[in-house]
Amino acid sequence: MAHVGVVGAGVMGAGVAQNLAHSGHSVALVDNDPDAIEQALAGIETNCRMSRLLGGPEIDAGEVLARIQGGTDLALLAEAEVVIENITENWELKRDLYREMDPVVRPDAVFVANTSAIPITRLASLTRRPRQFVGVHFMNPVPMKPAVELIPGHHTSPVALERVRGLLSSMGKKAIDVNDACGFVSNRVLMLTVNEAACLVYENVATAETVDEVFRSCFGHPMGPLETADLIGVDTILYSIEVLYEHFADSKYRPCPLLKHMTDAGLHGRKSGEGFYSYGPPSTAVPSANGHRAVRAARAG
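Note that the structure is a prediction, hence the values are computed from the model and not measured.

Comments concerning the overall build of the chain
(1) Moving on: Counting secondary structure elements, the chain contains 12 helices and 10 strands.
(2) Moving on: Computed over its C-alpha atoms, the radius of gyration of the chain comes to 19 Å, within 12% of the 19 Å expected for a compact globule of 301 residues.
(3) Moving on: Considering only C-alpha atoms, the chain reaches an extent of 55 × 45 × 35 Å along its principal axes.
(4) Moving on: A total of 301 residues make up the chain; the buried ones form 48% of that total.
(5) Moving on: Excluding contacts between residues fewer than 6 apart, the proportion of contacts in the chain whose partners are at least 24 apart in sequence is 64%.
(6) Moving on: Put simply, the chain has 26 plus and 35 minus side-chain charges, and the middle of one group is 4 Å from the middle of the other.

Right, here's the structure in full:
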């Protein structure tokens, strides 16, 4: 079993750490915010204890947490064989992080970028190891999703790619090979869908719940696009569509003003308790009054 570093203790990073530890790997979970580490570990414990109730396997929370060492010092990554980066989809933040991590992590280690939109070749150029750099787009919630997009950069070696493929297999993930391009496959399509769905709400064509009902009832989708936005994070949706807009310089990726306003207002979805819907107990969601107020405020702005 590998010693794996996980950088970023938000929703995605915590999910990756949990999945790795449950699969028997030793994990160093690093974030510059000690509160984020504490919240991630508490969330992992809860998720493990709730797993069977939610239709998953029975998981020993104590065993999983015993395999995870959390902290704020990048030195915890020094002996990692693979380092998986999961921070915010922001080029400047990722640029600074990779330049700081590269000299700390051992020379033969592989970097994995868990990114939803930024091209892998561009990220690999920030390091001195572009041959040992691989993209993996994990889906949320990580422990429950059976597949990922696996993306090599221009210089990625076959050895590095197979090392990551093997790690993913040990985590129970099917790796779907995708060529390197901004947004890859899933987010090249999904971000446009969510952005356009937000525009329908912003333009008062339909409410969020009506938009989602059309997709569930007419197309058989288990979740509508705006429910999906709340699950992923409205802020993450905005950052991803902004990356696509910047990269392609194409107006079809222009972010909906409602997404910008909701992000500024802290209406980020499930992780903040408010988004297009309001969230109470687990699996409970009702239309969000804050979301409707955000529509009016965004129009006024």
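Here we look at the layout of surface pockets
(1) Moving on: Roughly 200 Å³ of volume is contained in the second largest pocket.
(2) Moving on: Every element with two or more residues in the lining of the second largest pocket is listed here: α4 (91–101) and α10 (234–248).
(3) Moving on: No other element matches α10, which puts five residues into the lining of the second largest pocket.
(4) Moving on: Considered class by class, the residues forming the lining of the second largest pocket number six nonpolar, two polar and five charged.

A word on the packing of helix α7 (residues 186–202) against helix α11 (residues 257–264)
(1) Moving on: Across the interface, α7 lies against α11 with an axial gap of 8 Å and an inter-helix angle of 90 degrees. Between α7 and α11, the crossing angle belongs to the class labelled roughly perpendicular. In contact with N195, A198, V201 and Y202 of α7, α11 contributes P257, L258 and L259.
(2) Moving on: Taken together, the residues that form the contact of α7 with α11 break down as six nonpolar, one polar and no charged.

Structural notes on the environment of D235
(1) Moving on: Among the structural elements, D235 can be located in helix α10.
(2) Moving on: Along the chain, D235 and K260 lie 25 residues apart, while their C-alpha atoms are 7.9 Å from each other.
(3) Moving on: Once residues within four sequence positions are removed from consideration, D235 is found in contact with T263, H268 and K271.

Considering α7
(1) Moving on: The terminal C-alpha atoms of α7 lie 24 Å apart, and with 17 residues this matches the ideal 24 Å at 1.5 Å per residue to within 8%.
(2) Moving on: N187, M191, V194, N195, A197, A198, C199, V201 and Y202 are the residues of α7 that are buried.
(3) Moving on: In the segment just after α7, N204 is the residue with positive phi, at about 65 degrees.

Comments concerning the state of the cysteines
Structurally, a disulfide amounts to a covalent bond that connects the sulfur atoms of two cysteines.
(1) Moving on: A full pass over the atoms with the stated rule returns zero disulfides.
(2) Moving on: Free cysteine C182: the closest other cysteine sulfur is in C199, separated by 18 Å.
(3) Moving on: Under the relative-accessibility criterion, C182 is labelled buried at 1%.
(4) Moving on: There is no disulfide at C199, and the cysteine sulfur nearest it, in C256, is 3.7 Å away.
(5) Moving on: For C199, a relative accessible area of 13% translates into the label buried.

Digging into the sheet that holds strand β7 (residues 147–152)
(1) Moving on: Spatial ordering of the open sheet is given by β3-β2-β1-β4-β5-β6-β7-β8, a layout of eight strands whose pairing is mixed. This sheet does not close on itself; its edge strands, each paired only once, are β3 (68–71) and β8 (174–177). The mean angle between the axes of side-by-side strands here comes to 25 degrees, regardless of whether they run parallel or antiparallel.
(2) Moving on: Looking at chain direction, strand β6 (residues 133–137) and β7 are connected through four bridges and run antiparallel. Paired with H137 across the two strands is E149, which belongs to β7.
(3) Moving on: Where helix α6 (residues 158–170) meets the sheet, its contacts fall on β1 (3–7), β4 (82–85), β5 (110–113), β6, β7 and β8, and the angle it forms with β7 comes to roughly 170 degrees.

Definitions and cut-offs
Residues numbered from 1 in each chain as written. Predicted model: local features only at pLDDT ≥ 70, side-chain atom pairs only at ≥ 80, totals over all residues. Heavy atoms only, no water. Helix = DSSP H or I, 4+ residues; strand = E, 2+ residues; numbered from the N terminus. Rg over C-alpha atoms; globule rule 2.2 N^0.38 Å. Buried < 20%, exposed > 50% of the residue type's maximum accessible area, 1.4 Å probe, protein only. Contact = heavy atoms within 4.5 Å. Lys, Arg positive; Asp, Glu negative; His and termini not counted. Charge placed at Lys NZ, Arg CZ, Asp CG, Glu CD. 1 Å grid on protein atoms, 1.4 Å probe; cavity = no way out; pocket = protein on both sides within 12 Å on 5 of 7 lines; lining within 4 Å. Points joined across faces, edges and corners; volume = space filled by probe spheres on them. Nonpolar A, V, L, I, M, F, W, Y, C, P; charged D, E, K, R; others polar. Axes fitted to C-alpha atoms, helices over the stretch in contact; angles between N-to-C directions. Parallel < 35°, antiparallel > 145°, perpendicular 65-115°, else oblique. Expected span 1.5 Å × (residues − 1). Disulfide = S-S within 2.5 Å. Pairing = 2+ DSSP bridges.

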